[in-house]
Amino acid sequence: MAGPASQYDVLIIGAGLSGLAAGIRLAHYEKRVAILERHTTIGGLNSFYQLRGRRHDVGLHAVTNFRPPTLKPLGPLAKLLRQLRISWDEFDLAPQCGSRVVMPGASLRFTNDFDRLQSDVAERFPDQIDGFKQLDAAAMSADTFDESREFQPSRERVRSLITNPLLEDLLFAPVLFYGSPTPHDCDWRQFAILWRALYREGFGRPRDGVKPILKTLTKRYKALGGDLWLRHGVQAIRSNGGKTVGVTLDDGTEIDAPHILSSAGLPQTAAMAGDAADLPTDPGPLSFVESISVLDRPASELGYDDTVTFYSTRDPRAGDRFRYANPEDPCDLTSGIACSPDNYQYFEASGGPHDEGCLRLTVLANPEYWANLEPDVYTREKARWHAAALDAGRDFDVLPDVTGAQASHVLDTDVFTPKTITRFTGHPNGAVYGSATKIRDGRTGLDGLHVIGTDQGYLGIVGAMLSGVSIANRLLT
Ligand SMILES: Cc1cc2nc3c(=O)[nH]c(=O)nc-3n(C[C@H](O)[C@H](O)[C@H](O)COP(=O)(O)OP(=O)(O)OC[C@H]3O[C@@H](n4cnc5c(N)ncnc54)[C@H](O)[C@@H]3O)c2cc1C
């Protein structure tokens, strides 16, 4: 086929995780569906790329919600894969070795067994354990499907149960870092989703990163007859009398469809659809700089054993609280997320551990600063802040000394910034978690136009797929 057909039942904007999952679900029910993607490849915020002979993931630290289907009741990932008719084994997820959250005065370890975290809390904060158990019960029973748009703050609820500021910050840091578009806080429904996804169910990862996940989804979608068009950006969403009628592509081609699912984010969807869509346009304030260090041996041989380490060097005992906000400096070196894809229990059948190692480090960043640098300054600044972030992690004792004594073990590095994220996904500000306003029911002012993915309020790989499937199911009923 030379190009997309002129008419479909459903058009999906974006071939990220939400778009691919929605596409599978719709194609399975014999809808004529096309995914239109502006970029040259699939995956969006969770894609992969080739650099100097090595393949890197853009954004995969961990697949959350690791709860294998042998455990009942089924977790959200197992349920999701059932809806997509994909077997658990096809994702080839290996369980994590173990993660930590570290701050001055205490650290907590969490694995795929919740009891580990609970016993750390009981040991280090004995006067808080009852409150912790109540918080767990509240998070487990929260109505995460409540679709109201009103922001429901988490801090007050958590503070009514956890009265120690250090424990509060320790519990909040992973949750905020892995999914909050809101500075210092998180919507309560999102808090509950992340509590379950991170602490209750845990992390897994395919040995070969996100590529096998994306390939599995794409293969399934195409086998069901779905069309996927890369390098086909949508310039406008057309409507008539309050109803969606189709899109206009960047090259002016028009395609008709009564239903459109947009994973492009709220500001971009609003710009494409105009005032009739009645969507908020705040791009979201939070973005990150992430660096990759390729090592000549597994990270554990250089002393880094965690799967993921969330850390903050600020001391809540002295009133200096963990700061989750857009920094004034180019990067915030007082906190970060370190992770090594080496530290998963890879199965021998999948190839076992890798020979080369990898260390990733993510820190909060100031999007405006990174967006406005001249090319040569930009390259210099990336190198400078990459080294500074690694040094700060080393000084806080969470990272090996890969800029000093162990520098000879580093084979290659790469750094990406908010500007990179904007360039490859179109999200303004490089806002990884999107707008602070979420459209949880996916509905817009235009009949037939739905928002899916990050700005529907379901974040991360599993969240994005759940969002795509939930809105596709709505169209199917
Ligand atoms: C550095 C980083 C680390 C991360 N780590 C993890 C992790 O460890 N675990 C985890 O679960 N999640 C992680 N995430 C988050 C996760 O990647 C996202 O939540 C998820 O991939 C979002 O998927 P999506 O489908 O909602 O949107 P996106 O991935 O943003 O997809 C939207 C797609 O739409 C396309 N598009 C935009 N505008 C148009 C247009 N006009 N026409 C056509 N196409 C358009 C874009 O090019 C893009 O491909 C990370 C993200 C980043 C950036």
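Residues numbered from 1 in each chain as written. Predicted model: local features only at pLDDT ≥ 70, side-chain atom pairs only at ≥ 80, totals over all residues. Heavy atoms only, no water.

**Details of the domain arrangement of the protein chain**
Item 1. Parsing the protein chain into structural domains produces domain 1 (10-61 + 208-282 + 434-476), domain 2 (99-201) and domain 3 (285-432).
Item 2. At the interface, 13 residues of domain 1 touch 13 residues of domain 2.
Item 3. Of the roughly 1100 Å² buried where domain 1 meets domain 2, counting both sides, 45% is carbon and sulfur surface.
Item 4. Of all residues in domain 1, R440, Y458 and L459 bury the most surface against domain 2, accounting for 49% of the area lost on that side.
Item 5. Taken together, domain 1 and domain 2 are joined by 2 salt bridges.
Item 6. Our count for the contact surface shared by domain 1 and domain 2 stands at 5 residue pairs in polar contact (both at pLDDT 80 or more).
Item 7. Tallied by class, the residues present in the side of domain 1 that touches domain 2 amount to 4 nonpolar, 4 polar and 5 charged. (Domains from an automatic or database assignment. Contact = heavy atoms within 4.5 Å. Buried area = accessible area lost by both parts, 1.4 Å probe. Salt bridge = Lys/Arg side-chain N within 4 Å of Asp/Glu carboxyl O. Polar contact = N/O pair within 3.5 Å; in protein donor to acceptor, adjacent residues only side chain to side chain. Nonpolar A, V, L, I, M, F, W, Y, C, P; charged D, E, K, R; others polar.)

**Remarks on the site of the ligand**
Item 1. Near the ligand, the surroundings consist of 33 residues, among which S18, E37, G59, H61 and H427 are the closest.
Item 2. Here an oxygen atom of the ligand sits 2.7 Å away from a polar atom, N or O, in the main chain of H61.
Item 3. Burial of the ligand by the protein amounts to 96% of the accessible area it has alone, namely 1000 Å².
Item 4. Those elements that provide at least two residues to the shell around the ligand are α1 (17-28), α13 (418-425) and α14 (460-476).
Item 5. When residues of the shell around the ligand are assigned to their parent elements, the largest contribution, 3 residues, is made by α14.
Item 6. Here the residues of the shell around the ligand are counted per class, giving 15 nonpolar, 15 polar and 3 charged.
Item 7. When residues of the shell around the ligand are assigned to domains, at least three map to each of domain 1 (10-61 + 208-282 + 434-476) and domain 3 (285-432). (Near = heavy atom within 4 Å. Areas by Shrake-Rupley, 256 points an atom, 1.4 Å probe, with all protein chains shown as cover. Helix = DSSP H or I, 4+ residues; strand = E, 2+ residues; numbered from the N terminus.)

**A word on the UniProt feature "domain: Amine oxidase" (unreviewed entry) in the protein chain**
Item 1. Per the UniProt record, "domain: Amine oxidase" (unreviewed entry) is annotated on residues 17-476.
Item 2. Annotated as residues 17-476, this span is 33% helix and 20% strand, and its ends, taken at the C-alpha atoms, are 19 Å apart. (UniProt positions renumbered as here; feature names shortened; annotations may be inferred.)

**Topic: the packing of helix α5 (residues 129-141) against helix α8 (residues 188-201)**
Item 1. With their axes 8 Å apart at the nearest point, α5 and α8 run at an angle of 110° to one another. The orientation of α5 with respect to α8, classified from their angle, is roughly perpendicular. Along the contact surface, α5 presents F132, L135, D136, A138, A139, M140 and S141, while α8 presents W188, F191, A192, W195, R196 and R200.
Item 2. Looking at side-chain class alone, the contact of α5 with α8 contains 9 nonpolar, 1 polar and 3 charged residues. (Axes fitted to C-alpha atoms, helices over the stretch in contact; angles between N-to-C directions. Parallel < 35°, antiparallel > 145°, perpendicular 65-115°, else oblique.)

**Describing the packing of aromatic side chains**
Item 1. All told, the structure shown has 22 aromatic pairs when counted by the stated rule.
Item 2. Centre to centre, the rings of F177 and Y324 are 5.9 Å apart; their planes meet at 85°, and the pair counts as edge-to-face. Remark: Y324 occurs in the loop between β15 (308-312) and β16 (335-339) and F177 occurs in helix α7 (residues 165-177); sequence separation between them is 147 residues. A single burial state applies to F177 and to Y324, both of which are buried.
Item 3. Between the aromatic rings of Y369 and W370, the centroid separation amounts to 5.4 Å while the plane-to-plane angle is 90°, which identifies the pairing as edge-to-face. (Phe/Tyr/Trp six-rings, centres within 6.5 Å; stacked < 30°, edge-to-face > 60°. Buried < 20%, exposed > 50% of the residue type's maximum accessible area, 1.4 Å probe, protein only.)

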